[in-house]
Amino acid sequence: MKLKLKIWRQPSSEARGRLESYIVEANEHMSFLEMMDVLNEQLIAEKKEPVAFEHDCREGICGTCNMVINGRPHGPQRGTTTCQLHMRHFNDGDVITVEPWRAKAFPVIKDLVVDRSGFDRIIQAGGYISVNTGQAPDGNSIPIEKDTASEAFDAATCIGCGACVAACPNGSAMLFTSAKVAHLGKLPQGKVEHVARVKNMVDQMDEEGFGNCSNTGACEVECPKEISIENIAMLNRSYMASIFGANK
Amino acid sequence: MSLTGLFLISFLFVHLIGNLQLLYDDGGEAFNTYAYFMTHNPLIKGISYGLYFFILLHTIQGVIIAAKNRSAKGYKYSKPSGENAKWASKNMALLGLLILAFLFLHMGDFWLKMKLGQLGMVAVEAYDFKVADLYSRVSIAYQNPIIVGSYLIGLVALYFHLSHGFSSAFQTLGLNHKKYTPLINGLGMLYAIVVPLAFAVIPIFMYFK
Ligand code: HEM
Ligand code: SF4
Ligand code: FES
């Protein structure tokens, strides 16, 4: 299949970027990233600068293969990262626009690569539990209700990709932050520090320059792990509790 | 935002019930009595100052947040996708400002004219003195197709604002539940459709009367 790609090229964070057009010959069994590899080999053969994009696991778990494909983070397929998106979802002759995540708090480093270290600092502000490391504890020593375990596990599937921020018209990081808060705060080990964690992570989120949530719901539609905005409601409840001084 | 929004939603409902009295075919007896009561009862007066304050607070907060959010995004995608969120949810500030423009028009036309004593006086049964004839003013205003048209525009904006705002306020307050949230969403849509529609019936009915 022959495709016309319009890709955002930006040599550095200071430089001005623009969309450039390329023609690439792909086949429908390729993943989107493999198609990008073919393009880059082509560019290298022509002695041109290959397109910089992030990738690592290529199996949907690392959260680095971030690109906005035809206006949609990770492309048109729901619940799918770019590396798991296959070219069979496109047609011969399609024009595909590929852009980096867009948010003030995610500045472009080069081409499609953005700086997501704001997420790391949100995690450092409270996305952990304080326990001494050592032997793995006995799996069943703290009984946890099935429903609670499932909700915490669902939240824990967040891979920190940032598609939620990219999809949000406000560049808000609420879905990511709420997923981390719910993942830890629903479980007994994480409950202890829950209120302080919420306050610290939200404060860090604001400091990084992410926008405010206005409940458009775009994040949960584009999230490759289908994290629910129910987690955001939980974050809002907990944040109010942290402001009004409750301990729970 | 959510608290002031919910207050405005409650107010709007009461306001609607009162105004439906305009539809009575009694030459404005019931409506003028109600209007006098609403403008002279100290408790209602207190609430109305609260209302002005909350509208102001809601507007200022809304516009500040919307401006911050716009700058936090910074860029637009060259190929925007409309598929992941409702249009209204992304244009709350625009819709709100449309509603505000409508409110100025609305207050200038009725409330200001009454306050400045520009209305005629009529006798009503409930009081032994004459009260301002707001009913006549309203009837005259609704003969003007431009006024009726601008009311309808205001109400369409209100529909869109509430189609997102009603359920959004619950989510902001952290109230999201597998069983009740679909109910709240349904109720929100019902409110967003029925209330502006009922408001719209008044000028349309009086225009054709
Ligand atoms: C005076 C003009 C108005 C302006 C400028 C305005 C502006 C706004 C803005 C910008 C938002 C979005 C806030 C956000 O994104 O977080 C909003 C939300 C909202 N508005 Fe308004 N609005 C106005 C009038 C009204 C009226 C008359 C009502 C009710 C009848 C109302 C009810 C709501 C509700 C319930 C929300 C949702 C709050 C939330 O999500 O927490 N607004 N308004
Ligand atoms: S919530 Fe979803 S979209 Fe956001 S960072 Fe986590 S996995 Fe990515
Ligand atoms: S490359 Fe790891 S999630 Fe796509």
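Residues numbered from 1 in each chain as written. Chains lettered and ligands numbered in written order. Predicted model: local features only at pLDDT ≥ 70, side-chain atom pairs only at ≥ 80, totals over all residues. Heavy atoms only, no water.

Draft legend 1. Main features of the overall build of chain B. From N to C terminus, chain B includes eight helices and two strands. Listing each helix as α and each strand as β along chain B from the N terminus yields α-α-α-α-α-β-β-α-α-α. The principal-axis extents of the C-alpha atoms in chain B amount to approximately 65 × 35 × 30 Å. Within chain B, the proportion of its 209 residues that are buried is 41%. The long-range share in chain B, meaning contacts at least 24 apart out of those at least 6 apart in sequence, stands at 75%. As displayed, chain B has an accessible area near 11,900 Å², and 73% of this comes from carbon and sulfur atoms. Across chain B, 15 positive and 8 negative side-chain charges occur, with their mean positions spaced 25 Å apart. (Helix = DSSP H or I, 4+ residues; strand = E, 2+ residues; numbered from the N terminus. Buried < 20%, exposed > 50% of the residue type's maximum accessible area, 1.4 Å probe, protein only. Contact = heavy atoms within 4.5 Å. Areas by Shrake-Rupley, 256 points an atom, 1.4 Å probe, with all protein chains shown as cover. Lys, Arg positive; Asp, Glu negative; His and termini not counted. Charge placed at Lys NZ, Arg CZ, Asp CG, Glu CD.)

Draft legend 2. Structural context of the site of ligand 2. All names here are of chain A. Around ligand 2 there are 13 residues in total, and Cys158, Cys161, Gly162, Cys164 and Cys223 lie nearest to it. Going through the elements one at a time, helix 4 (163-167) and helix 5 (174-185) are the ones with two or more residues in the shell around ligand 2. For the shell around ligand 2, a count of residues per class yields eleven nonpolar, two polar and no charged. (Near = heavy atom within 4 Å. Nonpolar A, V, L, I, M, F, W, Y, C, P; charged D, E, K, R; others polar.)

Draft legend 3. Examining the site of ligand 1 more closely. The environment of ligand 1 is formed by 23 residues, the closest being A:Ser214, B:His58, B:His161, B:Ser168 and B:Thr172. Chains contributing residues to the immediate surroundings of ligand 1 are chains A and B. One nitrogen or oxygen atom from the side chain of B:His58 is found 2.7 Å from a nitrogen atom belonging to ligand 1. Secondary structure elements with two or more residues in the shell around ligand 1: helix 1 (2-19), helix 3 (42-73), helix 5 (92-115) and helix 7 (145-172) of chain B. The biggest single contributor to the shell around ligand 1 is helix 7 of chain B, with six residues. Of the residues belonging to the shell around ligand 1, the class tally is eleven nonpolar, twelve polar and no charged. (Polar contact = N/O pair within 3.5 Å; in protein donor to acceptor, adjacent residues only side chain to side chain.)

Draft legend 4. A nonpolar patch on the surface, seen in detail. All names here are of chain B. Residues Leu187, Met189, Leu190, Ile193, Val194 and Leu197 make up a contiguous nonpolar surface patch of roughly 540 Å² in combined accessible area. Tracing the sequence through the fold places Met189 in helix 8 (residues 180-208). Here Met189 falls in the partly exposed class, since its relative accessible area comes to 30%. (Patch = residues over 30% accessible without salt bridge, like charges linked within 9 Å, V, L, I, M, F, W, Y side chains within 5 Å. Salt bridge = Lys/Arg side-chain N within 4 Å of Asp/Glu carboxyl O.)

Draft legend 5. Expanded view of the sheet that holds strand 3 (residues 68-69) of chain A. Residues and elements named next belong to chain A. The strand order 2-1-5-3-4 describes an open sheet built from five strands, whose pairing is mixed. Looking at the sheet topology across the chains shown, the edges are occupied by strand 2 (18-25) and strand 4 (72-73). Pairing of strand 1 (residues 2-9) with strand 5 (residues 95-99), which is carried by four bridges, proceeds in the parallel orientation. Across the sheet, Leu5 pairs through a bridge with Ile96, a residue of strand 5. Of the strands in this sheet, strand 1, strand 2, strand 3 and strand 5 touch helix 1 (residues 32-45), which is tilted by about 95 degrees from strand 2. (Pairing = 2+ DSSP bridges. Axes fitted to C-alpha atoms, helices over the stretch in contact; angles between N-to-C directions.)

Draft legend 6. Representation of the interface of chain A and chain B in the model. The partner chain B presents 27 residues to the 38 residues of chain A that form the contact. Counting the surface chain A buries against chain B, the share from its top three residues, A:Arg102, A:Asn215 and A:Glu230, is 21%. Note that B:Lys178 and A:Glu230 form a salt bridge whose closest N and O atoms lie 3.1 Å from each other. Between chain A and chain B we count 20 residue pairs in polar contact (both at pLDDT 80 or more) in total. (Buried area = accessible area lost by both parts, 1.4 Å probe.)

Draft legend 7. Seen up close, the domain arrangement of chain A. Residues and elements named next belong to chain A. When the domains of chain A are assigned, the result is domain 1 (2-110) and domain 2 (117-243). Distance between the C-alpha centres of domain 1 and domain 2: 28 Å. The interface formed by domain 1 and domain 2 includes one salt bridge. Among the salt bridges present, the one from Glu222 reaches Arg72, with a minimum N-O distance of 3.0 Å. Tallied by class, residues from the side of domain 1 that touches domain 2 come to eight nonpolar, eight polar and three charged. (Domains from an automatic or database assignment.)

Draft legend 8. Quick look at the coordination of the iron atom of ligand 1. All names here are of chain B. Protein coordination at the iron atom of ligand 1 comes from His58 (NE2) and His161 (NE2), with a distance range of 2.0 Å. The coordination sphere of the iron atom of ligand 1 comprises six donor atoms, whose angles at the metal cover 86 to 180 degrees; the geometry is octahedral. In this pair, His58 is assigned in helix 3 and His161 in helix 7, connecting sequence segments 103 residues apart. The exposure class of His58 is buried, given its relative accessible area of 17%. (Donors = N, O, S within 2.8 Å, 3.2 Å for Na, K, Ca; no water. Tetrahedral: all angles 85-135°; square planar, octahedral: opposite > 155°, others 65-115°.)

Draft legend 9. Spotlight on the pairing of strand 5 of chain A. All names here are of chain A. Counting buried residues along strand 5, four of its five residues qualify, which places the element largely inside the surrounding structure. Summarising the sheet, strand 3 and strand 5 pair through two bridges and their orientation is antiparallel. Each bridged residue has a counterpart across the sheet, and for Val68 the counterpart in strand 5 is Glu99.

Draft legend 10. Region of interest: unusual backbone geometry. Residue and element names in this part refer to chain A. With a phi angle near 45 degrees, Asp111 is a residue other than glycine that sits in the positive phi range. Residue class for Asp111 comes out buried when judged on its relative accessible area of 2%. With phi around 60 degrees, Asn215 is a residue other than glycine that occupies positive phi space. In this structure, Asn215 sits in the loop between helix 7 (194-207) and helix 8 (218-222).

Draft legend 11. Region of the structure containing the environment of B:Tyr34. Residues and elements named next belong to chain B. Tracing the backbone shows Tyr34 in helix 2 (residues 29-40). It is 9.1 Å that separates the C-alpha atoms of Tyr34 and Asn19, two residues lying 15 residues apart in sequence. Those residues in contact with Tyr34 that sit more than four places away from it in its chain are Val14, His15, Gly18, Asn19 and Gln21.

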